[in-house]
Amino acid sequence: MALTLYVDTARWRAHQQSVLQQFPGLVPVCKGNGYGFGHERLADEATRLGADILAVGTTYEAARIKDFFSGDLLVLTPFRHGEEPVPLPDRAIRSVSSVEGVGGLVGARVVIEVMSSMKRHGVKPEDLPKLAAAIEDIRLEGFALHLPLDRADGSDAVEEVIGWMDRLRNARLPLHTMFVSHLKADELARLQQQFPQTRFRARIGTRLWLGDHEATEYRGSVLDVTKVAKGERFGYRQQKAASDGYLVVVAGGTSHGVGLESPKALHGVMPRAKGVARAGLATVNRNLAPYVWAGKQRWFAEPPHMQVSILFVPGDAPQPQVGEELVAHLRHTTTQFDRLVDR
C-alpha cells in the first residue's frame, strides 16, 4: 500500500523529444528532488536524450549524481568563498556570480552568471572591465543569464539578452557559449540567428520533465475505511464529525510532501477571492486535500499524519474500498513517492 507515481513512459519520453527538437543542444536540469522523479532516474533520461551536460542545483547534488551521469555536471548555485569543499571530478563546472568568485576558482571550469532583471545574483555591468584579467586563471565555459518567467512591464526577453551580448562584446570577453533560462523556442532561434558565432544553450527543467501533465499521475492506496455518525469524535484532536460519512485512511502524509504548498503569486480578482475563501475555511479546520474520490476533491478530516492522510467522505458518496487508489493532485517538486511505476 503506497503513494505511487505512475508514468506513461512512452508519452513522457515523446514530450522530452519534442522539447529537444525545439531547443537543440538543451541542458537538462536535475535539481531538488529531481522534479519528483529522483536524481538517478533523470540522470538516466538525460543520457537517453544524448545530453553531454546535466545541470544540478548544488555541489552536494553533483556529488550524488556523478555516479549516474558520465557527462559534464553544471552546478547552478554560484561559488562562494568559504563554502564547504565537496570533492567533485574535473567534469564538474562551477557557476560564479562575481569577479571575486572567479578569483577563488583558479584552474577550474567556470560559467559566469551575469545579473538579469531577476536581480537574484550575477556580475553587474560595471564589473565587466575587471573580468578580462580574472578569466585568464580559469577555464571559461561560457556566460549565463537567468531570466524571469513573467514580464509585467512588457519588456522583451530577447532584447535583454542582446543587451548583455553587446556589453560582453564591448568588454572584449569571449562569447562562444551563452547559457540561458526561460526563453521560448522562437526567442532562442532569433538570438541564434543574430549571433551565429555564439552557441546558445537553454537550461530546461520544468518544461522538459513536467511539461506534459497527462504523462504522470500520483495515486494513494486506501488503507482503511471507518464509518462515522454525525457528532461522533475521531482523530488525534477528537473532533466531531460534521455529518454521517466515512473516515478514509490513504497512503501519503507529510513525509511524502502531502499538505505542503508553495506560496503562489496571485493575479486578478478571482484568484485572490479564492485565496481568501481558502484561508477562511482553514480557520475552521476545513482544508481541501489533494485526493480525489468519485469525481470530487475531498477534505482532510484532520491535518495529514507523517505517512498517511485521513479524509472525510460524506455518506451520500460511494464508500471507498481498502486497496483502491485515489488520484492525488500533488506538486512534483515537493513530493516523495513510495514507488514509481512505468506503464
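Being a predicted model, the structure only gives us computed values, none of them experimental. (Residues numbered from 1 in each chain as written. Predicted model: local features only at pLDDT ≥ 70, side-chain atom pairs only at ≥ 80, totals over all residues. Heavy atoms only, no water.)

(A) Structural view of the UniProt feature "domain: Alanine racemase N-terminal" (unreviewed entry) in the protein chain. UniProt's entry tags residues 11–153 with the feature "domain: Alanine racemase N-terminal" (unreviewed entry), counted in the numbering of this structure. Between the first and last C-alpha atoms of residues 11–153 the distance is 36 Å; the span itself is 29% helix and 20% strand. (UniProt positions renumbered as here; feature names shortened; annotations may be inferred. Helix = DSSP H or I, 4+ residues; strand = E, 2+ residues; numbered from the N terminus.)

(B) Quick peek at helix α6 (residues 157–170). Relative to the 20 Å expected for 14 residues at 1.5 Å per residue, α6 spans 20 Å between its end C-alpha atoms, a close match to the ideal helical length. Here α6 has its buried residues at Ala157, Val158, Glu160, Val161, Ile162, Trp164, Met165 and Leu168. For α6, the elements touching its buried residues are α5 (128–134), β7 (139–146), β8 (177–181), α7 (185–194) and β9 (199–204). At the N-terminal end of α6, a side-chain oxygen is found 2.8 Å from the backbone nitrogen of Val158, two or three residues along, and the residue is Asp156. Two residues or fewer after α6 comes Arg172, characterised by a positive phi angle close to 60°. (Expected span 1.5 Å × (residues − 1). Buried < 20%, exposed > 50% of the residue type's maximum accessible area, 1.4 Å probe, protein only. Contact = heavy atoms within 4.5 Å. Polar contact = N/O pair within 3.5 Å; in protein donor to acceptor, adjacent residues only side chain to side chain.)

(C) A look at the environment of Ala14. Within the element layout of this structure, Ala14 appears in helix α1 (residues 9–22). Look at Ala14 and you get partly exposed, because its relative accessible area is 47%. Note: C-alpha distance between Ala14 and Leu76 (62 residues apart in sequence) is 27 Å.

(D) Up close: the packing of aromatic side chains. Considering all chains together, one arrives at three aromatic pairs under this definition. An angle of 25° between the planes, with centres 4.5 Å apart, marks the rings of Trp12 and Phe37 as stacked. Of the two residues, Trp12 sits in helix α1 while Phe37 sits in the loop between β2 (27–28) and α2 (39–48), which places them 25 residues apart along the sequence. Ring centres of Trp12 and Trp209 lie 6.1 Å apart, and the angle between their planes is 45°; this geometry places the pair in the tilted category. (Phe/Tyr/Trp six-rings, centres within 6.5 Å; stacked < 30°, edge-to-face > 60°.)

(E) Seen up close, the pairing of β7. In terms of residue burial, β7 counts as a mostly covered element, since six of its eight residues are buried. Two strands pair when backbone bridges link them, and strand β6 (residues 109–113) and β7 are joined in this way by five bridges, in the parallel orientation. Note that in β7 the partner of Val110 across the bridge is Leu140. Crossover handedness for the path β6 to α5 to β7: right-handed. Across four bridges, β7 lies against β8 in parallel orientation. Opposite Phe143, over in β8, you have Met178 as the bridge partner. For the crossover that starts at β7, traverses α6 and ends in the parallel β8, the hand is right-handed. (Pairing = 2+ DSSP bridges. Right-handed = clockwise from strand over helix to strand, strands pointing away.)

(F) Spatial organisation of the environment of Asp166. Within the secondary structure layout, Asp166 lies in helix α6. Here the alpha-carbon distance between Asp166 and Glu45, two residues 121 residues apart in the chain, equals 36 Å.

(G) Highlighting the nonpolar core. Grouped together as the largest cluster of nonpolar side chains are 88 residues, with contacts concentrated most on Phe37, Ile112, Leu131, Phe143, Phe200, Trp209 and Tyr291. A total of seven residues in this core trace back to one element, the largest contributor, which is α6. (Core = buried A, V, L, I, M, F, W, Y, C linked by side-chain atoms within 4.5 Å.)

(H) The pattern of salt bridges, seen in detail. A complete count under the given rule lists 19 salt bridges for this structure. A salt bridge links Glu141 to Arg109; the shortest N-O distance between them is 2.8 Å. One end of the pair, Glu141, is in strand β7; the other, Arg109, is in strand β6, and 32 residues separate them in sequence. Residue classification places Glu141 among the partly exposed residues on the basis of a relative accessible area of 23%. Linking Asp127 and Lys130 is a salt bridge whose minimum nitrogen-to-oxygen distance equals 3.7 Å. A relative accessible area of 23% places Asp127 in the partly exposed class. Put simply, Arg13, Arg41, Glu45 and Asp342 are held in one network by salt bridges that share partners. (Salt bridge = Lys/Arg side-chain N within 4 Å of Asp/Glu carboxyl O.)

(I) Expanded view of the packing of α6 against α7. One way to put it is that α6 packs onto α7 with a least axis distance of 10 Å and a crossing angle of 30°. Considering the relative orientation of α6 and α7, their crossing is right-handed. In contact with Ala157, Val158, Glu159, Val161 and Ile162 of α6, α7 contributes Glu187, Arg190, Leu191 and Gln194. In terms of residue class, the contact of α6 with α7 is made up of five nonpolar, one polar and three charged. (Axes fitted to C-alpha atoms, helices over the stretch in contact; angles between N-to-C directions. Left-handed = near helix turned anticlockwise from the far one by under 90°. Nonpolar A, V, L, I, M, F, W, Y, C, P; charged D, E, K, R; others polar.)

(J) Summary view of the packing of α1 against α2. Two elements in contact, α1 and α2, have axes separated by 11 Å at closest approach and are oriented at 60°. Classified by the angle their axes make, α1 and α2 are oblique. The handedness of the crossing between α1 and α2 is right-handed. Across the interface between the two elements, Thr9, Trp12, Arg13 and Gln16 of α1 pack against Arg41, Leu42, Glu45 and Arg48 of α2. Class assignment of the residues belonging to the contact of α1 with α2 gives a composition of two nonpolar, two polar and four charged. (Parallel < 35°, antiparallel > 145°, perpendicular 65-115°, else oblique.)

(K) Representation of the environment of Val27 in the model. Along the chain, Val27 falls in strand β2. For the pair Val27 and Asp44, spaced 17 residues apart in sequence, the C-alpha to C-alpha distance is 14 Å. Look past the residues within four positions of Val27 in its chain and what remains in contact with it is Ile53, Leu54, Ala55, Phe179, Arg201, Ala202, Arg203 and Ile204.

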